[in-house]
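Summary of structural features
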Amino acid sequence: MKRPAKSRDSPKMDIRSVASLARVSSATVSRTINHVSTVDPVLAARVWKAVKELDYFPNTQARALVSGRSRLLGLIVSDITNPFFPELIQEFENAAVERGYEILIGSTNYDLQRTESCVRRMLERKVDGVAVMTFGIEDFLFERFAADNIPVVFIDAAPSRPLSGFLTVDYRAGIYEAVQHLAVLGHRKIGFIAGPLRLRSAAAREAAFVECMRSTGLTINPNWLMEGDHTLEGGRDAMQKMLTLPDRPTAVICSNDMTAIGVQHALFEANLKVPDDLSIIGFDDIHLAEYTIPPLTTVRMSCKDLALRAVNLLMEQLQPGTDKSNVPHPRIETKLVVRQTTGLPRGALQDLVAAKKSKTRG
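Here is what the cut-offs are and how they apply
- Residues numbered from 1 in each chain as written.
- Predicted model: local features only at pLDDT ≥ 70, side-chain atom pairs only at ≥ 80, totals over all residues.
- Heavy atoms only, no water.
- Helix = DSSP H or I, 4+ residues; strand = E, 2+ residues; numbered from the N terminus.
- Buried < 20%, exposed > 50% of the residue type's maximum accessible area, 1.4 Å probe, protein only.
- Contact = heavy atoms within 4.5 Å.
- Areas by Shrake-Rupley, 256 points an atom, 1.4 Å probe, with all protein chains shown as cover.
- Salt bridge = Lys/Arg side-chain N within 4 Å of Asp/Glu carboxyl O.
- Pairing = 2+ DSSP bridges.
- Axes fitted to C-alpha atoms, helices over the stretch in contact; angles between N-to-C directions.
- pLDDT = per-residue confidence, 0-100.
- Right-handed = clockwise from strand over helix to strand, strands pointing away.
- Expected span 1.5 Å × (residues − 1).

Tallying secondary structure elements over the protein chain gives 13 helices and 12 strands in all. When each of the 362 residues of the protein chain is scored for burial, the buried share is 48%. Within the protein chain, counting contacts between residues at least 6 apart in sequence, those at least 24 apart form 70% of the total. Summed over its atoms, the accessible surface of the protein chain is roughly 18700 Å², and 52% of this surface lies on carbon and sulfur atoms.

Structure (structure tokens):
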């Protein structure tokens, strides 16, 4: 049944109204709304039932003044137009809401001034903690959070100071699977399109590719290592340059899925087929990767796992009595998801048939 709208003359609902309906004290209502874990579950259930019946909206600013906590977590991302980040934001919000927190989002667009603006907004809103998912932030900006004793979680690495932790992404595991997958298919000429190498994550992914190629015994052609910018356009431009080379790779691994989709578009424009003319592997496994034509083979880095670990790490830092100088570094796993953008190199079947005939004649 739809709840009738409140008139302007209706009495203002406050914490005392909730306490009266729930038959508890105002202090119990306050502790319940602030998610204090020691509240009796039976009493908490009555409070939340009263809150719903009265359509009561707690004053978050007042709660922050009383508790000293804003119940707000900041999330700083790089590029809101990259589908990886909206997926990450959704998972981060899900995890935060489950723990009684709201989130404040900032997008840097890889711009220092935008990053400074994001940091300033977080401080103005007095966030309780911040997850920096930009794969890189200037140390002097981190100092602003440190000065206010605000816990911060980074990806890959963090300044060696209290109240800072980081999530370790195992780039090598997924990229090694990707290289091995291509090698088993018969590819020996494998290229790599990186992201902006000023970013730790992009440099780490390229380094993992180089290491995996060498450990597999495959030769790395420097002409097939290109720097992109993690965008569709960057992937398309890098592939167009690669197509001008006299000796081209038969497969390309990309630093993220947006780059890989841009590569697919460049090949479409050149009337080349995937994977017949070129095999492609992305990185991230965004939702869109499953719906490209053909569906994209990619290395999965779980947004859900990343968001959950980040929120949990912040929660640990916010617990009273936690050792702030010994923050754990949760590991984020990666693994290859094989779809339809990888196949045998062009001419591989004919070469196999020819080799078999030659062996038979011998």
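What follows concerns the pattern of salt bridges. This structure, assessed with the given rule, holds 12 salt bridges. Arg236 is the salt-bridge partner of Asp237, the closest N and O atoms lying 3.6 Å from each other. Taking the relative accessible area as the measure of exposure, Asp237 reaches 34% and is therefore partly exposed. Residue Asp305 is joined to Arg309 by a salt bridge in which the shortest nitrogen-to-oxygen separation is 3.3 Å. Linking Asp305 with Arg309, this pair stays in helix α12 (residues 303–318), spanning 4 residues, or about one helical turn.

Now for the sheet that holds strand β4 (residues 152–155). The 6 strands lie next to each other as β2-β1-β3-β4-β5-β11, forming an open sheet whose pairing is parallel. Of all the strands in the sheet, the pair left with one neighbour each is β2 (102–107) and β11 (331–332). Here strand β3 (residues 129–133) runs beside β4; their pairing, made up of 2 bridges, is parallel. Counted as the bridge partner of Ala131 is Val153 from β4. Its contacts with the sheet place helix α6 (residues 112–124) against β1 (72–77) and β2, and it is angled at close to 160° to β2.

Locating Leu73 in the fold gives a position in strand β1. Relative accessible area serves as the criterion here: at 0%, Leu73 is assigned to the buried category. Along the backbone, Leu73 and Ile103 are 30 residues apart, and their C-alpha atoms lie at a distance of 4.7 Å.

Let us look at the sheet that holds strand β6 (residues 190–194). Reading across from one edge, β7-β6-β8-β9-β10-β12 is the order of the 6 strands in this open sheet, with mixed pairing throughout. Since the sheet does not close on itself, it has two edges, and those belong to β7 (225–227) and β12 (334–337), each with one partner. Across this sheet, the average inter-strand angle for adjacent strands is 20°, counted without regard to direction. As paired elements, β6 and β7 share 3 bridges and run parallel to each other. Within the sheet, the bridge partner assigned to Ile193 lies in β7 and is Met226. Running over the sheet, helix α9 (residues 200–216) touches β6, β7, β8 (251–254), β9 (279–284) and β10 (297–301) and is turned about 165° from β6.

This paragraph deals with the confidence of the model for the protein chain. In this model, the protein chain carries an average pLDDT of 86, and 83% of its residues clear a pLDDT of 70 or more. The low-confidence segment residues 1–10 (pLDDT under 50) makes 6 contacts with residues lying over four places distant or belonging to another chain.

Along β1, 6 of the 6 residues are buried, which leaves the element largely enclosed by surrounding structure. Covered by surrounding structure in β1 are Leu72, Gly74 and Ile76 together with Leu73, Leu75 and Val77, the residues of both alternating faces. With 6 bridges joining them, β1 and β2 adopt parallel strand pairing. Bridged to Val77 within β2 is Ser107. Between the parallel pair β1 and β2, the chain is carried across by helix α5 (residues 84–98), and the sense of this crossover is right-handed. Sheet topology note: the β1/β3 ladder contains 5 bridges and is parallel. Within the sheet, the bridge partner assigned to Ile76 lies in β3 and is Val132.

So, on to helix α8 (residues 171–185). With 15 residues, α8 should reach 21 Å at 1.5 Å per residue; the first-to-last C-alpha distance of 22 Å fits that figure. The complete set of buried residues in α8 reads Tyr171, Gly174, Ile175, Ala178, Val179, His181, Leu182 and Ala183. Residue Gly186 follows α8 closely and has a positive phi angle near 110°.

Omega for the bond connecting Val274 with Pro275 falls within 30 degrees of zero, at 5°, which places this linkage in the cis form. Within the fold, Pro275 resides in the loop between α11 (257–269) and β9. The residue after Ile293, namely Pro294, is reached through a cis peptide bond having omega -5°. Within the secondary structure, Pro294 sits in the loop between β9 and β10.

With that settled, consider the pairing of β8. Here β8 shows no split at all, with Ala251 and Ile253 on one side and Val252 and Cys254 on the other all buried. Sheet analysis places β6 next to β8, joined by 4 bridges and oriented parallel. Within β8, the residue paired with Gly191 across the bridge is Val252. Examined bridge by bridge, β8 and β9 share 3 bridges and lie parallel to one another. What sits directly across from Ile253, in β9, is Ile281. At this point the chain moves from β8, through α11, to the parallel β9, and the crossover so formed is right-handed.

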